[in-house]
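The lines below spell out each chain.
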Amino acid sequence: MGASDPEVAPWARGGAAGMAGAGAGAGARGGAAAGVEARARDPPPAHRVHPRHPRPAAQPSARRMDGGSGGLGSGDNAPTTEALFVALGAGVTALSHPLLYVKLLIQVGHEPMPPTLGTNVLGRKVLYLPSFFTYAKYIVQVDGKIGLFRGLSPRLMSNALSTVTRGSMKKVFPPDEIEQVSNKDDMKTSLKKVVKETSYEMMMQCVSRMLAHPLHVISMRCMVQFVGREAKYSGVLSSIGKIFKEEGLLGFFVGLIPHLLGDVVFLWGCNLLAHFINAYLVDDSVSDTPGGLGNDQNPGSQFSQALAIRSYTKFVMGIAVSMLTYPFLLVGDLMAVNNCGLQAGLPPYSPVFKSWIHCWKYLSVQGQLFRGSSLLFRRVSSGSCFALE
């Protein structure tokens, strides 16, 4: 989950923070996958309210807080709120960029340092490739500390464009008011609402991905120039001109299809799995106090332990599904730099792929579909050119 995501947290797809990335993750996937669980609950029926404590006034829903009247993102506060999200996203993107940079170089197969001999948990001798920290130190030795931020500018622009696009789409196509239904007796109704909202999130994610993808391609190519020490892609405007001249309009969208497929599979897999687990395995009757009525220290408390459990369910599902969809991310990143005139996209680093399906099959045969998913403990695979002496 990695370098590709036009998202706030690059390795946090579905709200999960992991070393495996989500390029795009972040942005985008984390917030999109959490859409179903983000709707505020209505107050419980009057007959459940403790007689000593009056029922508190209903709170505005998550949708109203985002764009309705009187909410955080409404009226005069809307531009300020959107600018705040863009600024926060830019900060997270800048801080995580070295991680994504190293990840991309590993994805394209650039291993400038030899592996070291070590032992696994069983005591057997194995070869380990340099970890993220060792790799980052190598980049600093070659390019200095500023070298860790190669390709950051187009990536910042890509994430900002994605954030603004999603905010604009919410204003033009506001989501319907959807209550969260978790009662097992309302399973059919609840599932319909999950499907409806996931479809809405998928639409926003796909549109923002398509608009931001050209900048993502430029960012990827700027970073992989480290492999051959090229300077073909230096600025955003000059890179746009080179890509259009050499590859035409389609050159800006290479690798888009696997990224879109990964986003769609992630959203549906994460939301549906979390929904069924929460509906069948999480008991709403479990609460902080008997009956969920609160106590004298916290009168009128309406939040049960079930709500906290559901949030963790979404978190865990985000990690699990992001691991399964990682090959889509890897293939999309490799296609973005393949056969573009840079050494990292040409033999011997990579064959010239005819399509993303060709790339997928090649990586599958080589046993490399998860290359770059781990940045700490990188064991040499059996198909590697390295071997024990």
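Residues numbered from 1 in each chain as written. Predicted model: local features only at pLDDT ≥ 70, side-chain atom pairs only at ≥ 80, totals over all residues. Heavy atoms only, no water.

Can you explain the overall build of the protein? Please cite residues and give values.
If you tally the helices and strands in the protein, you get 11 helices and three strands. Secondary structure elements of the protein occur, N-terminal to C-terminal, as α-α-α-β-β-α-α-α-α-α-α-α-α-β. Buried positions account for 44% of the 389 residues belonging to the protein. Here the protein displays about 19,300 Å² of accessible surface, and carbon together with sulfur accounts for 64% of that area. (Helix = DSSP H or I, 4+ residues; strand = E, 2+ residues; numbered from the N terminus. Buried < 20%, exposed > 50% of the residue type's maximum accessible area, 1.4 Å probe, protein only. Areas by Shrake-Rupley, 256 points an atom, 1.4 Å probe, with all protein chains shown as cover.)

Please give an account of unusual backbone geometry that cites residues and values.
Cis geometry marks the peptide bond from P347 to P348; its omega dihedral reads 10 degrees. With respect to the secondary-structure elements, P348 resides in the loop between α10 (326-337) and α11 (356-366). The backbone of R229 sits at a positive phi, close to 55 degrees, despite the residue not being glycine. Inspection of the secondary structure assignment puts R229 in the loop between α6 (187-228) and α7 (236-247). Residue classification places R229 among the partly exposed residues on the basis of a relative accessible area of 46%.

Now, about the nonpolar core: what can you tell me, with residues and values included?
Counting 43 residues, the largest nonpolar core has V108 and I139 as the members making the most contacts within it. Within the residue set of this core, elements represented by two or more residues are α3 (77-107), α4 (132-143), α6, α7, α10 and α11. No other element matches the nine residues that α6 contributes to this core. Contacts of I139, omitting those with residues within four sequence positions, involve Y101, V102, L105, G144, G147, L148 and F226. Counting residues in each nonpolar core, the second largest holds five residues, with F266, C270, A274 and V321 among its members. (Core = buried A, V, L, I, M, F, W, Y, C linked by side-chain atoms within 4.5 Å. Contact = heavy atoms within 4.5 Å.)

So, the environment of V126: which residues are in play, and what are the values?
Mapped onto the elements of the fold, V126 is located in strand β2 (residues 125-129). For V126, a relative accessible area of 5% puts it in the buried group. When the C-alpha positions of V126 and R379 are compared, they lie 7.2 Å apart, and in sequence the two are 253 residues distant. Not counting residues within four places of it along the chain, the set of residues in contact with V126 comprises T116, L117, G118, T119, N120 and R379.

Describe the confidence of the model for the protein, with residues and values.
Chain-level pLDDT for the protein is 77 on average; 68% of the residues reach the 70-or-more range. Mean pLDDT values for the elements of the protein range from 38 in helix α2 (residues 62-67) up to 96 in α10. Taken as a whole, residues 6-28 scores under 50 in pLDDT and shows 124 contacts with residues more than four places along the chain or in a different chain. Taken together, the stretch residues 385-389 has pLDDT below 50 and engages in eight contacts with residues farther than four places along the chain or on a different chain. (pLDDT = per-residue confidence, 0-100.)

Describe helix α5 (residues 152-172), and please don't skip the residues or the numbers.
In a regular helix each residue adds 1.5 Å, so 21 residues correspond to 30 Å; α5 covers 30 Å between its end C-alpha atoms and thus fits that length. L152, P154, R155, S158, N159, S162, T165, R166, G167 and M169 are the residues of α5 that are buried. (Expected span 1.5 Å × (residues − 1).)

A description of the pairing of β2 should follow, citing residues and the corresponding values.
Sheet topology note: the strand β1 (residues 116-119)/β2 ladder contains four bridges and is antiparallel. From the neighbouring strand, G118 faces β2, where its bridge partner is V126. Here β1 folds back onto β2 in antiparallel fashion, the turn holding five residues, of which G123 has a positive phi close to 85 degrees. (Pairing = 2+ DSSP bridges.)

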